[in-house]
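Fold and geometry: a report
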Amino acid sequence: MSHSHNDIQPAFPAPEPDGSMAGPWSHTVRRENGELRVGGVKVSQLVAAYGTPLYVIDEEDFRTRARRWVVAMNTSFADLAGARVFYACKALMSVGIARWVLEDGLALDTCSEGEFVTALAAGAKGHDIGLHGNNKSEREIMMALEHNISHMVVDSMAELRLVERIAENLGKRANIVLRVTAGVHAGGHEFISTAHEDQKFGLSIQAGQAWEAAQATVASPHLELVGLHSHIGSQILSVDAFSVAAQAVLDLRACIHNELACTVPELDLGGGYGIRYTGADATPPEPEAYAELLATVVRAHGEKTGIAHPLVSIEPGRSIVGPAGLTLYTVGTTKNVQLDDTHSRRYVSVDGGMSDNIRPALYDAQYTVAVANREARGEGTLSRVVGKHCESGDIVVHNVELPADVTAGDILATPATGAYGRVMASNYNMLSRPGVVAVHDGSSRVLIRRETVADQLALDADYQA
Ligand code: LLP
């Protein structure tokens, strides 16, 4: 991470002359007459209609980002063997979201029965779906084979054997993509980096596991080696890490071509493209920059080896939905803590916290926040926005300058919470998980309704109404 939780997020930044907000806010966020609007809808209207905490997804922003990846990849790979963009459903999934993604020309990268069934419910066909996971259940594998999905990303030799057996039983031939580790370690945090060797994912190229799995796949009448996959980590802000990994996987593909007489048709380079969370974060590379770089690596490799170019797939999640989302909270209690003779910190409690955003506690992730319902006044005051959970690590924003007059009933908005917020939400302290609402062109609609205590009690076998 380029910055830590000791950094102070700047005081309530003034909007641009057109009312738009600089920094990590979604495209349509504006401050008008003091109040934030997103997708043309005032936050006060959203709060009145749906309550808080609330996840809000800016449809225009989401779809612009999704299409931008498609156009960038199609453009850069037009003279090669083409490209495919899979939306990583793990970042945020619902039937409505999957429909947008399909309409915008992306495929769906799923990693569980839940995501898979949701994709089908949105109208996805087998060829629109990829299936990931390092420990797929037999049921998940069967489902994938029965729907003739685009590809199944296989993570280990044991799993390859399992898929082979199930495919044989079903009389199917499974489209296999082998997930390999290229030894590249990238990303902001150890826990969310997945390509170094001492971790649970993938077949090591270096240790020969990838080669062994490739041989076994090519040799099996029930398996078809359709691709090689590499995912090097999360929240990556440099294009170079991808190029190093692509190089390693292309070299493996060349060996498979030369020694096993198999030209692997697809190269899947995974997700992990970083976004801005706070005003202090650097602007990440644009999709066009990634697409161009990857195409340059693939083109050069093809020219050097003379092997036919692969179709290149990517799996962005966060970079599509992260910046498109924000969370609305209502302020409850506040208190001041004297840090030393001259400094104090104000604690501002909101009605959610680590149950709707576990990322600060889990990854020490940094966010920023703004007063959303009105133009707040007064001096910038060092503040910590905290949740309502029975835990002191329940922090939404570590250090932010908020106006002195922030008070109970104010609405706070946290930008860049579209990815890995709702999907990692919990019922800790039996809080009900917030709903997800889409806004577009002045109107809003529910994507995922707010959970209720009744929903939670419905699972309790001893509960009697
Ligand atoms: N493909 C594969 C194989 C993945 O494992 C992931 C993320 C993605 C694609 C999408 O990555 P994205 O473009 O969204 O970064 N929960 C964490 C991140 C873990 C993501 C795991 N895999 C977070 O909140 O940051």
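Since we're looking at a predicted model, the values are computed, not measured.

Some points on empty space enclosed by the protein
- Evaluation of the coordinates by the stated rule reveals 2 cavities of 30 Å³ or more.
- Space inside the largest cavity adds up to approximately 50 Å³.
- Surrounding the largest cavity, Leu250, Arg253, Ala254, Val298, His301, Gly302, Thr305, Ile307, Ala308, His309 and Pro310 form its lining.
- Sorting the residues of the lining of the largest cavity by element identifies helix H8 (240-260) and helix H9 (287-305) as the ones contributing at least two each.
- Looking at which element gives the most residues to the lining of the largest cavity, the answer is H9, with 4 residues.
- Grouping the constituent residues of the lining of the largest cavity by class yields 6 nonpolar, 4 polar and 1 charged.
- Approximately 40 Å³ is the volume attributed to the second largest cavity.
- Lining the second largest cavity, in full, are Tyr55, Thr327, Asp356, Asn357, Arg359, Tyr367, Thr417, Ala419, Tyr420 and Gly421.

Things to note about the side chain of Arg384
- By secondary structure assignment, the location of Arg384 is in strand E17 (residues 380-386).
- Summary of buried charges: Arg384 has no salt-bridge partner, and the nearest side chain of opposite charge, Asp364, is 8.8 Å away.
- A distance of 2.8 Å separates a polar atom in the side chain of Arg384 from the backbone oxygen of His398.
- Sequence-distant contacts of Arg384, defined by excluding residues within four places in its chain, comprise Arg345, Arg346, Tyr347, Val348, Ile395, Val397, His398 and Asn399.

A few points about the nonpolar core
- With 91 residues, the main nonpolar core has Ile57, Phe62, Phe77, Tyr87, Leu178 and Ile256 as its most contacted residues.
- Considering each element in turn, this core owes the most residues, 9 residues, to H8.
- Look past the residues within four positions of Ile57 in its chain and what remains in contact with it is Phe62, Leu92, Trp100, Val321, Ala324, Gly325, Gly418, Val436, Val437, Ala438, Val439 and Leu447.
- Formed by 20 residues, the second largest nonpolar core is a distinct cluster that contains Tyr277, Tyr329, Val331 and Tyr367.

A word on the UniProt feature "modified residue: N6-(pyridoxal phosphate)lysine" (unreviewed entry) in the protein chain
- UniProt marks Lys90 with the feature "modified residue: N6-(pyridoxal phosphate)lysine" (unreviewed entry), using the numbering shown here.
- With respect to the secondary-structure elements, Lys90 resides in the loop between strand E5 (83-88) and helix H3 (95-103).
- On the basis of relative accessibility, which here comes to 30%, the residue Lys90 falls in the partly exposed class.

Analysis parameters
- Residues numbered from 1 in each chain as written.
- Predicted model: local features only at pLDDT ≥ 70, side-chain atom pairs only at ≥ 80, totals over all residues.
- Heavy atoms only, no water.
- 1 Å grid on protein atoms, 1.4 Å probe; cavity = no way out; pocket = protein on both sides within 12 Å on 5 of 7 lines; lining within 4 Å.
- Points joined across faces, edges and corners; volume = space filled by probe spheres on them.
- Helix = DSSP H or I, 4+ residues; strand = E, 2+ residues; numbered from the N terminus.
- Nonpolar A, V, L, I, M, F, W, Y, C, P; charged D, E, K, R; others polar.
- Buried < 20%, exposed > 50% of the residue type's maximum accessible area, 1.4 Å probe, protein only.
- Lys, Arg positive; Asp, Glu negative; His and termini not counted.
- Salt bridge = Lys/Arg side-chain N within 4 Å of Asp/Glu carboxyl O.
- Polar contact = N/O pair within 3.5 Å; in protein donor to acceptor, adjacent residues only side chain to side chain.
- Contact = heavy atoms within 4.5 Å.
- Core = buried A, V, L, I, M, F, W, Y, C linked by side-chain atoms within 4.5 Å.
- UniProt positions renumbered as here; feature names shortened; annotations may be inferred.

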